[in-house]
Amino acid sequence: MQEVDEQDLFVERVAALDLGKAGLEACVRVPHEDRPGRRLQEIRAYATTTAALLELADWLRCQSVSRVVMESTSDYWKGVFWPLEAEGFDCWLVDARQVKNVPGRAKTDRADAVWLAKVAERGMCRPSLVQPAPIRKLRDLTRYRRSLIEDRTREMQRAEKLLEYA
């Protein structure tokens, strides 16, 4: 047998967000000041308004959070991910299938936020690809241009059809 020196893959200060349409649950896990090897966690609820997200960012900054992890829930993640990313946080978007809750546990937003924080602090998940802001802007512009061209074509065909029937 060979002895292997293996370090714990802990993220010292992590926040996990369980997202919903109108609100989110945030769980922050940090090292205990007095007891080495122990963790402290705090859970708070926030709305998904801009003011509430800025308040969340202030709280995370006060806790010296190094990574913010959230599940890719519909399109709800975008309205939370981008402002936190703009505030300078290392945001990870993870696939919900990777961090499924184990069977037999209570399925609540608070429990999901705690579970996601535990998974993230142990390095048991990996981030999904979220393109950098300049690429996202270019993609949005390209998609909008495509939709305008499709709308223009549709209207031209409608006018042509109307003229043919007349």
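Residues numbered from 1 in each chain as written. Predicted model: local features only at pLDDT ≥ 70, side-chain atom pairs only at ≥ 80, totals over all residues. Heavy atoms only, no water.

Caption draft 1: The arrangement of unusual backbone geometry in detail. Look at S64: it is not a glycine, yet its phi comes out positive at around 55°. Locating S64 in the fold gives a position in the loop between α1 (50-62) and β4 (67-71). On the basis of relative accessibility, which here comes to 44%, the residue S64 falls in the partly exposed class. (Helix = DSSP H or I, 4+ residues; strand = E, 2+ residues; numbered from the N terminus. Buried < 20%, exposed > 50% of the residue type's maximum accessible area, 1.4 Å probe, protein only.)

Caption draft 2: Focus on the side chain of E25. Relative to the helices and strands, E25 resides in strand β2 (residues 23-31). Once you skip the residues sitting within four places of it in the chain, E25 turns out to touch A16, L17, D18, I43, R44, A45, D109, R110 and A113. (Contact = heavy atoms within 4.5 Å.)

Caption draft 3: Expanded view of the sheet that holds strand β5 (residues 90-94). Judged by pairing direction, the sheet is mixed, and its five strands sit side by side in the order β3-β2-β1-β4-β5 without closing on themselves. Only two strands of the sheet have a single neighbouring strand rather than two, namely β3 (39-47) and β5. Averaged over neighbouring strand pairs, the angle between their axes works out to 20° when direction is ignored. For β2 and β3, the ladder comprises nine bridges, and the chain directions are antiparallel. Across the sheet, G23 pairs through a bridge with A47, a residue of β3. (Pairing = 2+ DSSP bridges. Axes fitted to C-alpha atoms, helices over the stretch in contact; angles between N-to-C directions.)

Caption draft 4: Structural detail: the environment of V130. Structurally, the position occupied by V130 is in the loop between α3 (109-121) and α4 (133-165). As a C-alpha pair, V130 and C91 span 39 residues in sequence and 9.6 Å in three-dimensional space. Sequence-distant contacts of V130, that is, excluding residues within four places in its chain, are made with W77, F81, L93 and R136.

Caption draft 5: Looking closely at the pairing of β5. Within β5, four of the five residues are buried, leaving the element largely enclosed by the surrounding structure. As defined by bridge partners, β4 adjoins β5 across five bridges and the pair is classed as parallel. Its bridge partner lying in β5, V68 is registered against C91. Between β4 and its parallel partner β5, the chain crosses via helix α2 (residues 78-86), and the hand of that crossover is right-handed. (Right-handed = clockwise from strand over helix to strand, strands pointing away.)

Caption draft 6: Quick peek at the confidence of the model for the chain. For the chain, the mean per-residue pLDDT works out to 82, and 88% of the residues sit at or above 70. The weakest mean pLDDT in the chain belongs to α3 at 79; the strongest belongs to α4 at 92. With pLDDT under 50 throughout, residues 1-7 is counted as low confidence; its partners more than four residues away or in other chains account for zero contacts. (pLDDT = per-residue confidence, 0-100.)

Caption draft 7: Summary view of the pattern of salt bridges. In total, this model carries seven salt bridges according to the counting rule given. Of the charged contacts in the structure, one is a salt bridge between D90 and R67, with a shortest N-O distance of 3.2 Å. Highlighted residues: D90 in strand β5 and R67 in strand β4, separated in sequence by 23 residues. Given the relative accessible area of 33%, D90 is considered partly exposed. (Salt bridge = Lys/Arg side-chain N within 4 Å of Asp/Glu carboxyl O.)

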